[in-house]
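Letter by letter, the chains look like this.
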Amino acid sequence: MTLPDKFLERVETERLSNIGGSNPLSISFEFFPPTTEKMASKLWDTVERLGPLSPSFVSVTYGAGGSTRERTHGLVSRIRKETDLEPAAHLTCVGASKSEIEEVAQQYWESGVKHIVALRGDPPEGQDGFVAHPDGFKGSVELIEHLKKMHDFEISVGCYPEIHPDAASSLADIDYLKRKMDAGADRAITQFFFDPDTYLRFIDRAQAQGVDIPIIPGILPVTSYSKLRQFSGQCGTQIPSWLTHLFEGLDDDPATRNLVAAMVASEQCRQLQRAGVKDFHFYTLNRADLVYAICHTMGVRPNR
């Protein structure tokens, strides 16, 4: 089957614009720490598969409520020691005192990990909302300020194009993002979204309020619609009706589901590219092949 000429022309134009151009794309990846030996092996396969795409950094999450903290530390240290990738370690305020967080941050600095993703963090399962540790930080602004006093960490933070569930309003949410910037954040990474216009409108509102750090779109390829509904419920992301329609009937058809997921994420990225976006952060869910395929369609190829 021959693809339409206009489609081929568009793909080729975008590919050439990202090879040797003056504004090449910058990508980064998020991994989550494994809970079993089998998952650990799969995760390392993901790191090795995506590494040749030369991401600007790779981040490693905590589980909800600070679970998997030790696995995060171990994985970040291994990436630092055994690869050429630049790891960024997640640090949250959940379930830890200031002294405990400071000790972890100091260990990272001494091991050569100078990039922290500083977050308030999600509450543990069964807890309705965030409750600060009695001797801990009240939120991400305090955490950022403390990290910057310790060392000149590079700091990334989160933001919500569709408003954080705990925010009083869109304006209040952006004001808090500005406070994180003023505390020392170097960049913000958005929660996932599906409508490119949602991201672009958010950028306009943030810049109008004085936020001038890079705001990188977070892209989530849909590997499971049921998990997507769960994630969306937790973070307030809207699932468009057209997306629901695309994944209907695919619960037991992973091959087709992956093809649809790659198509959706690739088109989302291409629309953002055409709007001038040059930086992308992928929530990989430790799924290397799917993310690799999306990056390939964007013109991101291994350095030969």
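**Here's the deal with the packing of aromatic side chains**
Note on aromatic pairs: each is described by the distance of the centres and the angle between the planes.
At step 1: With the rule as written, the count across this model stands at 5 aromatic pairs.
At step 2: Ring geometry for Phe29 and Phe282: centres 6.2 Å apart, planes at 40°, overall tilted. Residue Phe29 is located in strand S1 (residues 26–31), and its partner Phe282 is located in strand S9 (residues 279–283); the two are separated by 253 residues in the primary sequence. Neither residue differs from the other here; Phe29 and Phe282 are each classed as buried.
At step 3: With centroids separated by 6.4 Å and ring planes inclined at 20°, the aromatic side chains of Tyr225 and Phe247 adopt a geometry described as stacked. Within this pair, whereas Tyr225 is found in helix H8 (residues 225–235), its partner Phe247 is found in helix H9 (residues 241–247), the two being separated by 22 residues in sequence.
At step 4: Owing to a relative accessible area of 13%, Tyr225 belongs among the buried residues under this scheme.
At step 5: The ring of Trp44 carries the charged tip of Arg78 above its face, separated from the ring centre by 3.7 Å.
At step 6: Geometry around Trp109 places Lys114 over its ring, the cationic atom sitting 4.1 Å from the centre.

**Here we look at the sheet that holds strand S2 (residues 57–60)**
At step 1: Strands sit in the order S7-S6-S5-S4-S3-S2-S1-S9-S8 across an open sheet of 9 strands; the sheet is parallel. Either end of the sheet is taken by a strand with one partner, and the two such strands are strand S7 (215–216) and strand S8 (218–219).
At step 2: Contacting strand S3 (87–92) and strand S4 (115–119), helix H4 (residues 98–110) runs over the sheet at an angle of about 175° to S3.

**Looking at the state of the cysteines**
At step 1: Applying the stated criterion to the full structure yields 0 disulfides.
At step 2: Its sulfur unpaired, Cys269 is 7.6 Å from the next cysteine sulfur, which belongs to Cys295.
At step 3: Residue Cys295 is classed as buried on the basis of its relative accessible area, which comes to 0%.

**Here we look at the packing of helix H10 (residues 254–274) against helix H11 (residues 288–297)**
For any two helices packed against each other, the geometry is given by the interaxial angle and the distance between the axes.
At step 1: The interhelical angle for the contact between H10 and H11, taken along N-to-C directions, is 40°, at an axis separation of 9 Å. Here H10 is positioned oblique relative to H11, judged by the angle of their axes. Crossing hand, H10 versus H11: right-handed. Contact residues: H10 offers Asn258, Ala261, Ala262, Ala265, Ser266, Cys269 and Arg270, while H11 offers Leu290, Ile294 and Thr297.
At step 2: Class assignment for the residues of the contact of H10 with H11 results in 6 nonpolar, 3 polar and 1 charged.

**Let's talk about H4**
At step 1: Here H4 spans 18 Å end to end across 13 residues, near enough to the 18 Å set by a 1.5 Å rise per residue.
At step 2: Buried within H4 are the following residues: Ile101, Val104, Ala105 and Tyr108. Down the axis of H4, the sector holding all buried residues measures 95°, keeping them to one side. Facing away from the buried side of H4 by over 90 degrees, the exposed positions are Ser99 and Glu110.
At step 3: Buried residues along H4 sit in contact with helix H3 (69–82), S3, S4 and helix H5 (140–150).
At step 4: Where H4 terminates, the next one or two residues include Gly112, which has phi positive at roughly 95°.

**Describing the nonpolar core**
At step 1: One finds Phe29, Leu147, Ile215, Phe280 and Phe282 to be the most contacted residues of the largest nonpolar core, which totals 86 residues.
At step 2: Per-element accounting of this core gives the leading share, 7 residues, to H10.
At step 3: Apart from residues lying up to four places away in sequence, Phe280 is in contact with Leu25, Ser26, Ile27, Ser28, Ile216, Pro217, Ile219, Cys269, Leu272, Gln273 and Met298.

**Brief notes about the confidence of the model for the chain**
At step 1: On average, residues of the chain score 87 in pLDDT, and 87% of them reach the 70 mark or higher.
At step 2: Low confidence marks residues 1–8, where pLDDT is under 50. Its contacts with residues over four positions away, or in another chain, come to 2 contacts.
At step 3: Low pLDDT, under 50, characterises residues 19–23; the predicted model gives this stretch 4 contacts beyond four residues in sequence or across chains.

Here is what the cut-offs are and how they apply
- Residues numbered from 1 in each chain as written.
- Predicted model: local features only at pLDDT ≥ 70, side-chain atom pairs only at ≥ 80, totals over all residues.
- Heavy atoms only, no water.
- Phe/Tyr/Trp six-rings, centres within 6.5 Å; stacked < 30°, edge-to-face > 60°.
- Helix = DSSP H or I, 4+ residues; strand = E, 2+ residues; numbered from the N terminus.
- Buried < 20%, exposed > 50% of the residue type's maximum accessible area, 1.4 Å probe, protein only.
- Lys NZ or Arg CZ within 6 Å of the ring centre and 35° of its normal.
- Pairing = 2+ DSSP bridges.
- Contact = heavy atoms within 4.5 Å.
- Axes fitted to C-alpha atoms, helices over the stretch in contact; angles between N-to-C directions.
- Disulfide = S-S within 2.5 Å.
- Parallel < 35°, antiparallel > 145°, perpendicular 65-115°, else oblique.
- Left-handed = near helix turned anticlockwise from the far one by under 90°.
- Nonpolar A, V, L, I, M, F, W, Y, C, P; charged D, E, K, R; others polar.
- Expected span 1.5 Å × (residues − 1).
- Arc of directions from axis to C-beta.
- Core = buried A, V, L, I, M, F, W, Y, C linked by side-chain atoms within 4.5 Å.
- pLDDT = per-residue confidence, 0-100.

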